[in-house]
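Examining the three-dimensional arrangement
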Amino acid sequence: MKPSIILYKALPDDLMQRLESHFTVTRVPDLKPETVQQHADAFANAQGLLGSSQNVHAPLLEKMPQLRAASTISVGYDNFDVDALNARNILLMHTPTVLTETVADTIMALVLSSARRVVEVAERVKVGEWTSSIGADWFGIDVHHKTLGIVGMGRIGLALAQRAHFGFGMPILYNARRHHAEAEERFQARYCELETLLKESDFVCLVLPLTEETHHLIGQKQFELMKKSAIFINAGRGQVVDEAALIAALQNGEIHAAGLDVFEKEPLPIDSPLLSLPNVVALPHIGSATHETRYNMSACAVDNLIDALNGKVEKNCVNPQAAR
Ligand SMILES: NC(=O)C1=CN([C@@H]2O[C@H](COP(=O)(O)OP(=O)(O)OC[C@H]3O[C@@H](n4cnc5c(N)ncnc54)[C@H](OP(=O)(O)O)[C@@H]3O)[C@@H](O)[C@H]2O)C=CC1
Ligand SMILES: O=CC(=O)O
């Protein structure tokens, strides 16, 4: 008999067929308690879980006594209670690598659009304000050859460094928990303490996971250290930044502008002060959101679940030690 799984994200037809050739699939819209209650038998019997953007914590796991593997269609897994998974030897699979280049492209788009005010001036054109040759009040600032500070020199940080170094001639400073020889050798990136990076960078780019250590890593004190001309970019997780402090820093002119793909609360509430600041480019968490990459992430997550339920944890497994 095929193992039963819960799917809480729509998949392309061919991937759905692949999934159904291995598993008996119950498709649900989300993992809310009322949904779980409505499909109580399916959750009670499920050995696998596949989807994205929902919290998977202890109360849900209690409803899934047979669960052996969860597969998230994302690289970040801060929405999973990994300790609770480990306590039950439930494997957690994720999708690193397939999205790296696309997310780095998105970050470069944030750098360019916030520095050159692309969104703001395009809106001015659309509302008919381009009535004569533009003046300095439409100008942006240069990106090329400015200093880029990357906080988090992992897969995406490295792909960003590659673009900045070869494409834009940018000197690169970086901070991570350890030194990264590849970044230093290929892109002449210089490791520095976070405080030094914040003081010396023209662009500060966060590409960090959300963990206990990174929660609110950037707050009032860190914004005060940045140059008044600095542009702040966050494409990691919103909760790494104290958003109230970011708003204050933008309003008080402590930093020049921000390009944001992630927020403390998502979707970003319509009354967020960030939305009324002209020097903010706010994106709806689209780091990996291209047709090609989202397909590849889903395919990777399907294969990951098949592997995990067959005891294969050589790649893309967050907690291989949980393998029984
Ligand atoms: N906006 C979006 O749509 C997307 C956002 N993301 C986010 O980006 C994150 C990074 O992805 P990826 O590059 O693949 O992950 P990696 O694990 O490859 O890189 C993470 C980097 O963060 C560093 N880091 C972790 N904790 C700390 C800390 N306390 N202080 C300093 N550095 C730290 C790591 O340091 P070290 O190298 O020393 O271990 C590593 O360099 C994801 O976890 C996710 O949250 C990812 C994809 C899309
Ligand atoms: O935020 C997206 C991810 O893949 O993580």
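Residues numbered from 1 in each chain as written. Chains lettered and ligands numbered in written order. Predicted model: local features only at pLDDT ≥ 70, side-chain atom pairs only at ≥ 80, totals over all residues. Heavy atoms only, no water.

As a further point, take the packing of helix H6 (residues 100-116) against helix H8 (residues 155-168). One way to put it is that H6 packs onto H8 with a least axis distance of 8 Å and a crossing angle of 55°. When the interaxial angle is binned, H6 and H8 end up oblique. Classified by chirality, the crossing of H8 by H6 is right-handed. For the pair formed by H6 and H8, the contact residues are Thr-100, Glu-101, Val-103, Ala-104, Asp-105, Ile-107, Met-108 and Leu-112 on the first element and Arg-155, Ile-156, Ala-159, Leu-160, Gln-162, Arg-163 and Phe-168 on the second. (Axes fitted to C-alpha atoms, helices over the stretch in contact; angles between N-to-C directions. Helix = DSSP H or I, 4+ residues; strand = E, 2+ residues; numbered from the N terminus. Parallel < 35°, antiparallel > 145°, perpendicular 65-115°, else oblique. Left-handed = near helix turned anticlockwise from the far one by under 90°. Contact = heavy atoms within 4.5 Å.)

Lining the immediate surroundings of ligand 1 are 26 residues, of which Arg-155, Arg-177, Arg-178, His-180 and Asp-261 lie closest. Taking Arg-155, its main chain carries an N or O atom lying 2.9 Å from an oxygen atom of ligand 1. Computed on the free molecule, ligand 1 has an accessible area of 930 Å², of which 89% lies beneath the protein chains in the complex. Here the residues of the shell around ligand 1 sort into 10 nonpolar, 10 polar and six charged. (Near = heavy atom within 4 Å. Polar contact = N/O pair within 3.5 Å; in protein donor to acceptor, adjacent residues only side chain to side chain. Areas by Shrake-Rupley, 256 points an atom, 1.4 Å probe, with all protein chains shown as cover. Nonpolar A, V, L, I, M, F, W, Y, C, P; charged D, E, K, R; others polar.)

For any two helices packed against each other, the geometry is given by the interaxial angle and the distance between the axes. In contact at an axis separation of 10 Å, helix H1 (residues 13-22) and helix H13 (residues 291-309) are set at 5° when each is read in the N-to-C sense. Judged by the inter-axis angle, H1 sits roughly parallel to H13. Residues Asp-14, Leu-15, Arg-18, Leu-19 and His-22 of H1 touch H13, and the partners they reach there are Tyr-295, Ser-298, Ala-299, Val-302, Asp-303 and Ile-306. A per-class count over the contact of H1 with H13 returns six nonpolar, two polar and three charged.

Another aspect to go through is the environment of Lys-312. The topology assignment puts Lys-312 in the segment after H13. Note: C-alpha distance between Lys-312 and Ala-323 (11 residues apart in sequence) is 8.6 Å. Apart from the residues within four sequence positions on either side, Lys-312 is in contact with Met-93 and Asp-307.

The next point concerns the UniProt feature "domain: D-isomer specific 2-hydroxyacid dehydrogenase NAD-binding" (unreviewed entry) in the chain. UniProt records the feature "domain: D-isomer specific 2-hydroxyacid dehydrogenase NAD-binding" (unreviewed entry) at residues 108-287, using the numbering of this structure. Annotated as residues 108-287, this span is 34% helix and 14% strand, and its ends, taken at the C-alpha atoms, are 11 Å apart. (UniProt positions renumbered as here; feature names shortened; annotations may be inferred.)

This brings us to the site of ligand 2. In the neighbourhood of ligand 2, the contacting residues comprise Ser-74, Val-75, Gly-76, Leu-99, Arg-237 and His-285. Arg-237 places a side-chain nitrogen or oxygen 2.8 Å from an oxygen atom of ligand 2. Coverage of ligand 2 by the protein chains reaches 82% of its 190 Å² of free accessible surface. Residue classes in the shell around ligand 2 are distributed as two nonpolar, three polar and one charged.

On to unusual backbone geometry. A cis amide bond, omega -5°, links Glu-266 with the succeeding residue Pro-267. Among the structural elements, Pro-267 can be located in the loop between strand E11 (257-260) and strand E12 (280-282). Positive phi outside glycine occurs at Ser-53, with the angle close to 60°. You will see that His-216, though not glycine, has its phi angle at about 55°, which is positive. Position of His-216 among the secondary structure elements: in the loop between strand E9 (203-206) and helix H11 (220-225).

Going through the model one piece at a time under the given rule, you end up with three aromatic pairs. A cation sits over an aromatic face here: Arg-124 above Trp-138, 4.2 Å from the ring centre. (Phe/Tyr/Trp six-rings, centres within 6.5 Å; stacked < 30°, edge-to-face > 60°. Lys NZ or Arg CZ within 6 Å of the ring centre and 35° of its normal.)

Taking the numbering used here, the UniProt-annotated feature "active site" (unreviewed entry) corresponds to Arg-237, Glu-266 and His-285. Considering the C-alpha atoms alone, the annotated residues occupy 49 residues of sequence yet fold into one spot, their largest mutual distance being 10.3 Å. Mapping Glu-266 onto the fold places it in the loop between E11 and E12. Judged by its relative accessible area of 37%, Glu-266 is partly exposed. One polar contact links the side chain of Glu-266 to the main-chain amide nitrogen of Phe-263, over a distance of 2.8 Å. In this structure His-285 comes out as partly exposed when scored by relative accessible area, which is 31%. One polar contact links His-285 to Glu-266, side chain to side chain, over a distance of 2.7 Å. (Buried < 20%, exposed > 50% of the residue type's maximum accessible area, 1.4 Å probe, protein only.)

So, on to the environment of Asp-81. As for its position among the elements, Asp-81 is in the loop between strand E4 (69-72) and helix H5 (82-87). In this structure the C-alpha to C-alpha distance between Asp-81 and Pro-267, which are 186 residues apart in sequence, comes to 22 Å. At a separation of 2.9 Å, a polar atom in the side chain of Asp-81 contacts the main-chain amide nitrogen of Ala-84.

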